[in-house]
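# Structural description and commentary
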Amino acid sequence: MGAAWEPLAVRIGHSFDRPELLVRALTHKSRIAGNSRSDPTRDNEQLEFLGDAVLGFLVSEALLARFPDYPEGKLSKLKAWLVSAAHLLAIAEALNLGEYLQLGRGEEMSGGRSKRALLVNAVEAILAAVYLDGGMGAARAFVEIHVLPAGPLLADGAPPAVVDYKTLLQEKAQALKIAPPKYVTIAERGPEHAKRFTVEVRVGKARQASAEGVSKKEASQRAAELLLAQWNL
């Protein structure tokens, strides 16, 4: 592995026998866009797809071992938090993945190194790369090191409180006696297994904001958060 990747490999905690897997996990499709010999095995979208499945399985396994007496509903809530974009983004930032992303010029110029979706996707792709390189044991170690250190926060079986910006925005509109917020999905992009949604929220005629997310729900929450911030200013 080239010296440029060694600090990241050390932070990940896995020594790659096939370092090209790590490189691929960090390669956004924009890096090879425009190449007439397009090859889906050169960017990280397929690895992201696999990593999402491996992450879901390993988190479920870990939660069953940690909380054997919990009902399915409680386990599902914990899993939803541990595999959420917000939690994966924190992992990406801790690993400083933005520094290592391989981006095309356009994505680079538009701030791709700090984009939430790209960083979250890279975490899932890296997990897949670790799995393909070292097997399930290596992938399980990655999850134990990077995804489950939140364990102390889960001691009572409840994930950290999550702010519901949509509810806060609706309550603000009600308090001011104006029409409730309206949410519209204005764009969808990406393959079926890795869709990105842009949602716009409007309150009245003058107030609006839009945001992107890996789901309509996430995009709506982020749009509501942005509009509240603008409104408060």
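Residues numbered from 1 in each chain as written. Predicted model: local features only at pLDDT ≥ 70, side-chain atom pairs only at ≥ 80, totals over all residues. Heavy atoms only, no water.

All right, on to the packing of aromatic side chains then. For any pair of aromatic rings, the description consists of the separation of the ring centres together with the inter-plane angle of the planes. Taken as a whole and judged by the stated rule, the model has one aromatic pair. Aromatic side chains Phe 67 and Tyr 70 sit 4.5 Å apart centroid to centroid with 0 degrees between the ring planes, which places their arrangement in the stacked category. Over the ring of Tyr 70 we find Lys 74, and its NZ or CZ is 4.5 Å from the ring centre. (Phe/Tyr/Trp six-rings, centres within 6.5 Å; stacked < 30°, edge-to-face > 60°. Lys NZ or Arg CZ within 6 Å of the ring centre and 35° of its normal.)

All right, on to the confidence of the model for the protein then. Looking at the protein as a whole, its pLDDT mean stands at 85, while 87% of the residues score no less than 70. Per-element mean pLDDT across the protein ranges from 85 in helix H9 (residues 216–232) up to 95 in helix H7 (residues 116–147). (pLDDT = per-residue confidence, 0-100. Helix = DSSP H or I, 4+ residues; strand = E, 2+ residues; numbered from the N terminus.)

At 3.6 residues per turn, the α-helix brings residues three or four places apart onto the same side. When the terminal C-alpha atoms of H9 are compared, their 24 Å separation across 17 residues agrees well with the 24 Å that a helix rising 1.5 Å per residue should span. Listed as buried for H9 are Glu 218, Ala 219, Ser 220, Gln 221, Ala 223, Ala 224, Leu 227, Leu 228 and Trp 231. Those residues of H9 that are buried lie in contact with helix H5 (85–95), H7, helix H8 (165–175), strand S1 (182–189), strand S2 (196–203) and strand S3 (207–213). (Expected span 1.5 Å × (residues − 1). Buried < 20%, exposed > 50% of the residue type's maximum accessible area, 1.4 Å probe, protein only. Contact = heavy atoms within 4.5 Å.)

A word on the pairing of S2. Among the eight residues that make up S2, seven are buried, leaving the element largely enclosed by the rest of the structure. When S1 meets S2, the two strands line up antiparallel, connected through seven bridges. Across the sheet, Lys 182 pairs through a bridge with Arg 202, a residue of S2. Bridging between S2 and S3 involves seven bridges; their strand directions are antiparallel. Among the inter-strand pairings, Val 199 is bridged to a residue of S3, identified as Ala 211. Taking the residues between adjacent antiparallel strands as the criterion, S2 and S3 are bridged by three residues, where Gly 204 takes a positive phi near 70 degrees. (Pairing = 2+ DSSP bridges.)

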